Amino acid sequence: MNDRALVLGGGGVAGIAWMTGLLFGLSENGVDLGDAELILGTSAGSAVAAQLGCPISLEELYRRQVDPALQTREITPDPGLLQQLLQAFPTIATPCDRAERTRKVGQWALRAPTVTEAERRSVIADRLPAHAWPDRLLRITAVDTETGETRIFDRLSGTGLVDAVAASCAVPGVWPPVTIDGRHYMDGGVRSSDNADLAQGYARIVILSPNGRRADEIVAFPLPEQIDTLENAGAQTYLVEPDDQSRIAIGINPLLPETRKPAAEAGRTQGQSIAKDLELFWN
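Residues numbered from 1 in each chain as written. Predicted model: local features only at pLDDT ≥ 70, side-chain atom pairs only at ≥ 80, totals over all residues. Heavy atoms only, no water.

### Focus on the packing of helix 1 (residues 12-27) against helix 10 (residues 260-282)
Link 1 in the chain: Contact pair helix 1 / helix 10: the axes reach a minimum separation of 6 Å and the direction vectors enclose 40°. Our pair here, helix 1 against helix 10, has a crossing hand that is right-handed. In this structure, helix 1 contributes V13, A14, A17, W18, G21, L22, F24, G25 and L26 to the contact, and helix 10 contributes R260, A263, A264, G267, R268, Q270, G271, Q272, I274, A275 and L278.
Link 2 in the chain: Looking at side-chain class alone, the contact of helix 1 with helix 10 contains twelve nonpolar, six polar and two charged residues. (Axes fitted to C-alpha atoms, helices over the stretch in contact; angles between N-to-C directions. Helix = DSSP H or I, 4+ residues; strand = E, 2+ residues; numbered from the N terminus. Left-handed = near helix turned anticlockwise from the far one by under 90°. Contact = heavy atoms within 4.5 Å. Nonpolar A, V, L, I, M, F, W, Y, C, P; charged D, E, K, R; others polar.)

Right under this line is the structure:
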């Protein structure tokens, strides 16, 4: 069995900020989760995972979240699109198997009147300080809109890092699916907000989950189920989800750009508070 894996889950721009702050707060206290043998990123987590492979320090990445002068350009999503998505989910979630539900979400994603694919890709490109895959084991999840199958991108997949992250961050109904080799891909969070079970085969797995142990995942299977899968296979897991202050900072709409500063600051404080305990698990 391989040693250590870091799983970074979905959670919008607030999730990116919270995980960046958390990682920085941990690093200030001697805990470097970025030295994992595998980093697995989904949606917001894919952006954080990609940034961990760049030459910029965690301190600088943190500053890019909290300093308005350094923050990258974001598009505020049309609240009407988000509302339509929430209204559509009860219909999408009619009793059927997971694969069929995922395909229904894909159909919705393809029909939704979002910004153009090019507009959205430019935002993702601005988020990433480096656009080349790092020379390490980084895996990014997305979902095929037509088949509902999960796709895992890495540096050997032949797909550019920006496109892989854009696909993983393509929230259905809010952002456009991403075209790669003639296929259309949507957010990896459609399978699961975290996809932690895909880190199976590693002995120690830390999961940073902006959404945490939510019981309301409609298409995917819940995080506790994934953790059971990992632990039944012999892994030790350590879950970090937002504490009370972080949840307040993230707010009810994690897609809003203005959540970045408070979420990053709360994440940093939380990281500092759990560093000693996590160090025992990681090191």
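### Concerning the packing of aromatic side chains
Centre-to-centre distance and the angle between the planes together describe a pair of aromatic rings.
Link 1 in the chain: Enumeration according to the criterion identifies three aromatic pairs in this entry.
Link 2 in the chain: With a centroid separation of 5.5 Å and 80° between ring planes, the pair formed by F153 and Y185 is classed as edge-to-face. Placement of the pair is F153 in strand 4 (residues 150-153) and Y185 in strand 6 (residues 183-187), with a sequence separation of 32 residues. Here F153 matches Y185 in class, with each residue buried.
Link 3 in the chain: A centroid spacing of 5.5 Å and a plane angle of 50° characterise the contact between Y238 and F281, whose relative ring orientation is tilted. Pair noted here: Y238 is in strand 8 (residues 236-240) and F281 is in helix 10, with a separation of 43 residues, a long-range link. Note on accessibility: Y238 and F281 belong to one class, buried.
Link 4 in the chain: For the cation-ring pair, R120 lies above W175, with the distance from its terminal atom to the ring centre recorded as 4.2 Å. (Phe/Tyr/Trp six-rings, centres within 6.5 Å; stacked < 30°, edge-to-face > 60°. Buried < 20%, exposed > 50% of the residue type's maximum accessible area, 1.4 Å probe, protein only. Lys NZ or Arg CZ within 6 Å of the ring centre and 35° of its normal.)

### As for the state of the cysteines
Link 1 in the chain: In this structure the tally under the stated criterion is zero disulfides.
Link 2 in the chain: A disulfide-free cysteine, C54 has its sulfur positioned 15 Å from the sulfur of C169, the nearest such atom.
Link 3 in the chain: The exposure class of C54 is buried, given its relative accessible area of 9%.
Link 4 in the chain: Exposure remark for C169: the relative accessible area of 4% places this residue in the buried category. (Disulfide = S-S within 2.5 Å.)

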